[in-house]
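# Descriptive analysis of the structure
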Amino acid sequence: MFAAAALSRSSRAVSSRMMSASTIPATMKAAVIRETGDAHVLKVETDYPTPALPKGGVLVRNEYSGINFIDTYHRKGLYARDLPFVGGQEGGGLVAAVSDEAAAQGIQIGDRVAYSVFGSYAEYTAVPASKLLPVPEDVGLDVATSCVVQGMTAHYLTSSAHANLIKEGEWCLIHGVAGGTCQWAAQMAKLRGFKVIGTAPKGKADIAESLGCDELILLDEVAGTSYEDYESVDVVGRIKEITNGDGVKCVIDGIGKATVDISIDSLARRGIFISFGNASGAVPAFPVLRLIGKSAYVTRPKLLDYTVTREELVWRANEIFGWLQDGKLKVSVDTTFPLDQAAEGHIYLEAGKSKGKVLYEI
């Protein structure tokens, strides 16, 4: 939790009001989506209204904003949002203004924080106090920002979404381990004691090999995309070979359409298929009878349902930051774009060029 406030509640309230009134500008720079479409619909505006200081929350002056695949789904309209909207849902920076309620919780102007709420592709974001994650001094804000969506997603995928259907020493298949979220997931799965099989493109073999997977299946690349060619190798055959014909107890799949059949066919008896992304396209509907061969399970989770309470959010964040501080978890920040190059950031991510986290520097 945040340190106790150094000032009284009343003086802190006055300080926050003065900060909000005197130094927070009425307008700000933001990357705004006014119509859905390709990356070029993401327009940088310099006179977008700065959000008001929310009751029970703070304004964060962003230093970094994370670029995630879910942002591209919002931009395209795959996941509907009311237009117009400021892109992004992951940021990190310094608290710039504090409400009375947040001040009473010990939150102070200048606190280093990271968060996940909509509207992070901007100079300022309004954030509920309950969504703030205090960032340790020895963790960089770029790394902390990288943790919030990808790190927290990887955490719930490897700790909770599998519903304990996989145990220590059992096999877990993770697709796309050279990509952002699944670089985290591969490392966290190993920390949980699972044996990990990772898939990755040959061009990113160096990244995949650095993650500690027990087995790697390297595939040809699909030029201009963020995923590999899953027809270039008999993945199911390799899984059966590695697992002595048993299959894996858990599949973590952010690829989507191109891997759904591979994922289901790779499962062991009473294994679970966790489908969490759509890099190659949305998973098409399939009959539940498809799962009968191994009495398999399937789930399509999202982060919000695994950070329902403040306690759950902080537990996940503290475990991640602890692993980072102990050197048990490596984070790769691949590229940082200035916010003025908002479209280029999305193009880069969707082209599959990244070997780690992609950020905007605000």
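Everything that follows concerns the structure shown earlier in this document.
Our subject in this report is the structure included herewith. (Residues numbered from 1 in each chain as written. Predicted model: local features only at pLDDT ≥ 70, side-chain atom pairs only at ≥ 80, totals over all residues. Heavy atoms only, no water.)

This part takes up unusual backbone geometry. The linkage connecting leucine 83 with the following residue, proline 84, adopts the cis geometry, with an omega of -10 degrees. Looking at the secondary structure, you find proline 84 in the loop between α2 (69-76) and β4 (85-86). With a phi angle near 55 degrees, arginine 270 is a residue other than glycine that sits in the positive phi range. Mapping arginine 270 onto the fold places it in strand β13 (residues 267-275). Take arginine 270: its relative accessible area is 53%, and that puts it in the exposed class. (Helix = DSSP H or I, 4+ residues; strand = E, 2+ residues; numbered from the N terminus. Buried < 20%, exposed > 50% of the residue type's maximum accessible area, 1.4 Å probe, protein only.)

Right, let's talk about the environment of alanine 185 for a bit. Here alanine 185 is to be found in helix α5 (residues 180-191). For the pair alanine 185 and histidine 175, spaced ten residues apart in sequence, the C-alpha to C-alpha distance is 9.9 Å. Contact partners of alanine 185, with chain neighbours within four places excluded, come to Ala154, Thr158 and Ile174. (Contact = heavy atoms within 4.5 Å.)

On to the environment of serine 99. Inspection of the secondary structure puts serine 99 in the loop between β5 (91-98) and α3 (100-104). Each C-alpha atom, one on serine 99 and one on threonine 125, is 14 Å from the other, the two residues being 26 residues apart in sequence. Setting aside residues no more than four positions away along its own chain, serine 99 makes contact with Leu53, Pro54, Lys55, Gly56 and Gly57.

Moving on: the sheet that holds β13. Across the sheet, which stays open at both edges, the six strands sit in the order β11-β10-β9-β12-β13-β14 with parallel pairing between neighbours. Either end of the sheet is taken by a strand with one partner, and the two such strands are β11 (215-219) and β14 (297-299). If you compare each strand with its neighbour and ignore which way they point, the axes differ by 15 degrees on average. In this sheet, strand β12 (residues 248-253) lies alongside strand β9 (residues 171-174) in parallel orientation, the contact comprising three bridges. Across the sheet, residue leucine 173 finds its bridge partner in β12, namely valine 251. Relative to the sheet, helix α7 (residues 235-242) contacts β9, β10 (195-201), β11, β12 and β13, its axis offset from that of β11 by approximately 165 degrees. (Pairing = 2+ DSSP bridges. Axes fitted to C-alpha atoms, helices over the stretch in contact; angles between N-to-C directions.)

In this model, helix α9 (residues 310-325) (16 residues) spans 22 Å end to end at C-alpha, consistent with the 22 Å of a helix rising 1.5 Å per residue. As for α9, its buried residues are in contact with β8 (133-134), α4 (141-159) and α5. Of the residues one or two after α9, glycine 327 is the one with positive phi, at around 75 degrees. (Expected span 1.5 Å × (residues − 1).)

Glancing now at the nonpolar core. Counting residues in hydrophobic clusters, the biggest one holds 48 residues, and the most contacted among them are Ile174, Val177, Ile252 and Ile320. At the level of secondary structure, the elements contributing two or more residues to this core comprise α4, β9, α5, β10, α6 (205-209), β12, β13 and α9. Here the element with the most residues in this core is α4; it accounts for nine residues. Each residue touching valine 177, except ones within four places of it in the same chain, is listed here: Cys182, Gln183, Ala186, Gly198, Thr199, Ala200, Ala208, Leu211, Cys213 and Leu216. Membership of the second largest hydrophobic core comes to 25 residues, among which are Tyr121, Leu339, Ala342 and Val358. (Core = buried A, V, L, I, M, F, W, Y, C linked by side-chain atoms within 4.5 Å.)

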